[in-house]
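Chain residues, written in single-letter form:
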Number of protein chains: 2
Amino acid sequence: MKTLQMTSIDRNILTGCRFFKRLPLSTAEAILHGAALAEHEKYDSLFRQGDRIDDVFLVLSGLVRLYRVGKDGREADVGVFAKGELFGEDTMFLGYRATANAEVAENSVIARVDSRKLRQLAASDPDVAQAFIEHLCHRGKMKEDLLAQDRLLTAPQRVANYLLSQCPNGSTSFCFRLPFQKSVLAGKLGLAPEALSRAFSALRESGVSVKGRMIEIHDRHALERF
Amino acid sequence: MKTLQMTSIDRNILTGCRFFKRLPLSTAEAILHGAALAEHEKYDSLFRQGDRIDDVFLVLSGLVRLYRVGKDGREADVGVFAKGELFGEDTMFLGYRATANAEVAENSVIARVDSRKLRQLAASDPDVAQAFIEHLCHRGKMKEDLLAQDRLLTAPQRVANYLLSQCPNGSTSFCFRLPFQKSVLAGKLGLAPEALSRAFSALRESGVSVKGRMIEIHDRHALERF
DNA sequence: CGCGTCTTTGATGCAAGTCAATCGCCGTGG
DNA sequence: CCACGGCGATTGACTTGCATCAAAGACGCG
């Protein structure tokens, strides 16, 4: 881990992300003022379930995985955060205790903001409070989606869903690069890596080609039917 | 469905529940003023996924099940709400569209509060905003728990967890009545009713007796080990 | 080119969903 | 009071989807 100075590029990433976009620029700047930047490498642990956390985390680059571990040591991802996303925000309203483990999933630059400061701001500035509320609702919906997906869909269906979610809307055939390792995607979808692999094979006959991280979808409608 | 007048008992239920307890009584009264009360019977549908919703719902008695349906018609519960709980609050920050279906799971009395009014209040009154934020964080944690539970635990483990969550803390042996039908519990835990039934049998040898809705746990530590 | 890591493939086992039949409980009506 | 009917719960037999373990293959990087 290495601390860094925040560049103007970093500022732009943050002020452009979903959470900050709702806020006046001056408010965003105020929140970011005093943020601590650090470089982390893959497999670094940011915190563990039950730890006391006094910061909110912002991903400037790279990837962070939030997961819980079962009694038998198995891990289940409850969230994966990429550039421009923020996590750990709910702990500041839950006694400042982490509800999951956070592990860096690829070399990353991560900013921390003092959560007490942010909380006070949320209490005094209605804009900030509003931004939090919307952010939390959005997060809640995603978790609901995830749960429903887990309970209703088979592995190939989940993968098809994910692919469709990456589809620029309107296009019937498209191509993109997975933003992370397949094993990470597997975790995100609640699958073992082997299951993801098999799901991709199953989707091949519905017009999905996979070469390394490059994915090609020939007909999105075939996926929707799946 | 039959509309009713709100009684002082109803008021007490609501002002005593988690969400309103954070607020000054006068604020709670202001929110509740103008709430519409109605009696619903089992299997009534309150709304469907995608419907436009202009209310927030409060359960005064009975039970409501929130669920999504898959393409094949199978249903997956994403929430079950009992007396004193509130739902539908996130739709007002998500374009007023329901993200799931709501069905009354047993004869219930349900209040509705105009969500626009509530939203305005959240924007102008920092107490209300704060209450929402905490409520949403709490909700988020529960969903995270649910997801992790789905991915990490077997059916008997989930049931054991649920039983422990009902245990008055400190007691090693206890007894209680299920607050709803077993099939509802099954849905809540993401299981088919048959699987719940089998899970109960499996737990019998760990000191769990089931007679109708009455549950008796002889040794909570045996469950914790499970 | 060679090594390590990630991914794929194959074989096997297990947990839970499904379908179907039975049982138990409770309320109704004779 | 008992017989009946209906609904929910249980049990059994079967099927399926996925995890797991193990081995081979592909890819990226030095």
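Nothing here was measured: the structure is a model prediction, and the numbers come from that model. Residue positions are counted from 1 within each chain, in the order its sequence is given. Working convention: letters from A go to chains and numbers from 1 go to ligands, in the order in which they are written. Whole-chain, interface and lining totals are the exception, using all residues; otherwise, since this is a predicted model, local features are given only for residues with pLDDT of at least 70 and side-chain atom pairs are given and counted only at 80 or more. Excluding hydrogens and water, the side-chain values take into account all heavy atoms of the structure.

### Examining the nonpolar core
Using the following cut-off: Buried Ala, Val, Leu, Ile, Met, Phe, Trp, Tyr and Cys residues form a nonpolar core when they are joined through side-chain atoms within 4.5 Å. Here the term buried applies to any residue with accessible area under 20% of the maximum for its type, exposed to any over 50%, and partly exposed to those in between, with areas from a 1.4 Å probe on protein chains only. Here, two residues are considered to be in contact whenever any of their heavy atoms come within 4.5 Å of each other.
Core analysis: the biggest nonpolar cluster contains 59 residues, and A:Phe20 and B:Phe20 have the highest contact counts within it. Look past the residues within four positions of B:Phe20 in its chain and what remains in contact with it is B:Leu14, B:Thr15, B:Ala28, B:Ile31, B:Leu32 and B:Leu58.

### Thoughts on the side chain of B:Arg139
Residue and element names in this part refer to chain B. Inclusion rule: Secondary structure elements follow DSSP: runs of H or I no shorter than four residues count as helices, runs of E no shorter than two count as strands, and numbering proceeds from the N terminus.
Mapped onto the fold, Arg-139 is located in helix α5 (residues 126-152). The buried category is assigned to Arg-139, whose relative accessible area is 16%. Setting aside its immediate chain neighbours within four residues, Arg-139 contacts Phe-81, Leu-86 and Glu-89.

### Structural notes on the pattern of salt bridges
Inclusion rule: A side-chain nitrogen of Lys or Arg and a carboxyl oxygen of Asp or Glu constitute a salt bridge if their distance falls within 4 Å.
The final tally for this structure, using the stated rule, is 34 salt bridges over all chains. Notably, a salt bridge pairs A:Glu144 with B:Lys143, separated by 3.4 Å at the nearest N-O pair. Of this pair, A:Glu144 sits in helix α5 (residues 126-152) while B:Lys143 is found in helix α5, placing the two residues in two different chains. Side by side, A:Glu144 and B:Lys143 carry an identical accessibility label, which is buried. A salt bridge links B:Asp150 to A:Arg151; the nearest nitrogen and oxygen atoms lie 2.9 Å apart. One end of the pair, B:Asp150, is in helix α5; the other, A:Arg151, is in helix α5, on a second chain. When salt bridges that share partners are traced, they join A:Arg68, A:Lys143, B:Lys141, B:Glu144 and B:Asp145 into one network.

### Some thoughts on the packing of helix α4 (residues 115-124) of chain A against α5(B)
Using the following cut-off: Each axis is a line fitted through C-alpha atoms, and for a helix only the stretch in contact is used; angles between axes span 0 to 180 degrees, taken between their N-to-C directions. Throughout this description, any angle smaller than 35 degrees is read as roughly parallel, any larger than 145 degrees as roughly antiparallel, any in the 65 to 115 degree range as roughly perpendicular, and the remainder as oblique. Each residue gets one label: Ala, Val, Leu, Ile, Met, Phe, Trp, Tyr, Cys and Pro are nonpolar, Asp, Glu, Lys and Arg are charged, and the others, such as Gly, are polar.
Close contact between α4(A) and α5(B) brings their axes to 8 Å; oriented N to C, the two are set at 135°. Regarding the angle of α4(A) to α5(B), the classification is oblique. Contacts between α4(A) and α5(B) pair A:Arg119, A:Ala122 and A:Ala123 from the former with B:Pro126, B:Gln130 and B:Glu134 from the latter. Its residues assigned to classes, the contact of α4(A) with α5(B) shows three nonpolar, one polar and two charged.

### Quick word on the pairing of strand β7 (residues 101-114) of chain B
Strand residues, when the strand is regular, have side chains that alternate between the two faces of the sheet. All names here are of chain B. Using the following cut-off: Here, any two strands with at least 2 DSSP bridges between them count as paired.
Counted residue by residue, β7 has 10 buried out of 14 residues, so it is predominantly covered. As paired elements, strand β2 (residues 36-40) and β7 share five bridges and run antiparallel to each other. When the sheet's bridge partners are listed, Ala-38 is paired in β7 with Ile-110. In this structure, strand β3 (residues 45-47) lies alongside β7, joined through two bridges in antiparallel fashion. The partner of Ser-45 across the bridge, within β7, is Glu-103. With 11 bridges connecting them, strand β4 (residues 55-69) and β7 associate as antiparallel partners. For Phe-57, the partnering residue across the bridge sits in β7 and is Arg-112.

### Looking at the interface of chain B and chain A
What counts here: Buried area counts how much accessible surface, traced with a 1.4 Å probe, disappears from two parts once they are put together, with both parts' losses summed.
Residue-level contacts link 44 residues of chain B with 44 residues of chain A. The contact between chain B and chain A buries some 3800 Å² in all, and 60% of this surface belongs to carbon and sulfur atoms. It is B:Glu144, B:Arg151 and B:Leu152 in chain B that bury the most area against chain A; as a group they hold 21% of the surface buried on that side. Counting the contacts that link chain B with chain A gives 10 salt bridges. Ionic pairing is found between A:Arg68 and B:Glu144, a salt bridge with its closest N-O pair at 3.3 Å. Within the residue set of the side of chain B that touches chain A, elements represented by two or more residues are β4, β5 (75-82), α4 (115-124), α5, α7 (182-188) and α9 (220-225) of chain B.

### Quick look at the protein's contact with DNA strand D
Note the threshold: Distances are taken per atom, and a residue is near a molecule or strand as soon as one of its heavy atoms is within 4 Å of it. For this analysis, a polar contact is any N or O atom pair within 3.5 Å, provided that within protein one partner can donate a hydrogen and the other can accept it, and provided that sequence-adjacent residues contribute only side-chain to side-chain pairs.
Around DNA strand D there are 18 residues in total, and A:Arg74, A:Ala155, A:Ala195, A:Arg198 and B:Lys182 lie nearest to it. Within 4 Å of the protein, the atoms of DNA strand D are drawn from sugar and phosphate moieties in a proportion of 62%. In this structure, a phosphate oxygen belonging to DNA strand D sits 2.6 Å away from a main-chain N or O atom of A:Ala155. At a separation of 3.4 Å, a phosphate oxygen of DNA strand D approaches a polar backbone atom of B:Ser183. Contributions of two or more residues to the surface near DNA strand D are made by α8 (193-204) of chain A together with α7 and α8 (193-204) of chain B. With four residues, α8(B) is the single largest residue contributor to the surface near DNA strand D.

### Describing the sheet that holds strand β8 (residues 174-177) of chain A
Across a sheet, paired strands are connected by hydrogen bonds in the backbone, their directions being either parallel or antiparallel. Residues and elements named next belong to chain A. The strand order across the open sheet formed by three strands is β8-β10-β9, and the pairing between neighbours is antiparallel. Each of the sheet's edge strands pairs with one partner strand only, and the pair in question is β8 and β9 (208-211). Across the sheet, the axes of successive neighbouring strands diverge by a mean angle of 15°, strand direction being ignored. Here four bridges tie β9 to strand β10 (residues 214-217), and the two strands are oriented antiparallel to one another. Residue pairing for β10: Lys-211 is matched across the bridge by Met-214. This element, helix α6 (residues 155-165), spans β8, β9 and β10 of the sheet and lies at about 95° to β8.

### Some details on the domain arrangement of chain A
Put simply, an interface is often sized by how much accessible area is lost when its parts join up. All names here are of chain A. As a reminder, the rule being used: Throughout, the edges of the domains are those of an automatic or database domain assignment.
Taken domain by domain, chain A consists of domain 1 (2-151) and domain 2 (155-225). Each of domain 1 and domain 2 was reduced to a C-alpha centroid, and the two centroids are 27 Å apart. Across the boundary between the two partners, domain 1 contributes nine residues, which contact nine residues of domain 2. Where domain 1 touches domain 2, the interface holds one salt bridge. For Asp-150, the salt bridge identified is with Arg-158, shortest N-O distance 3.9 Å. Here domain 1 is connected to domain 2 by one residue pair in polar contact (both at pLDDT 80 or more). Looking at the side of domain 1 that touches domain 2, the elements that each hand over two or more residues are β5 (75-82), β7 (101-114) and α5.

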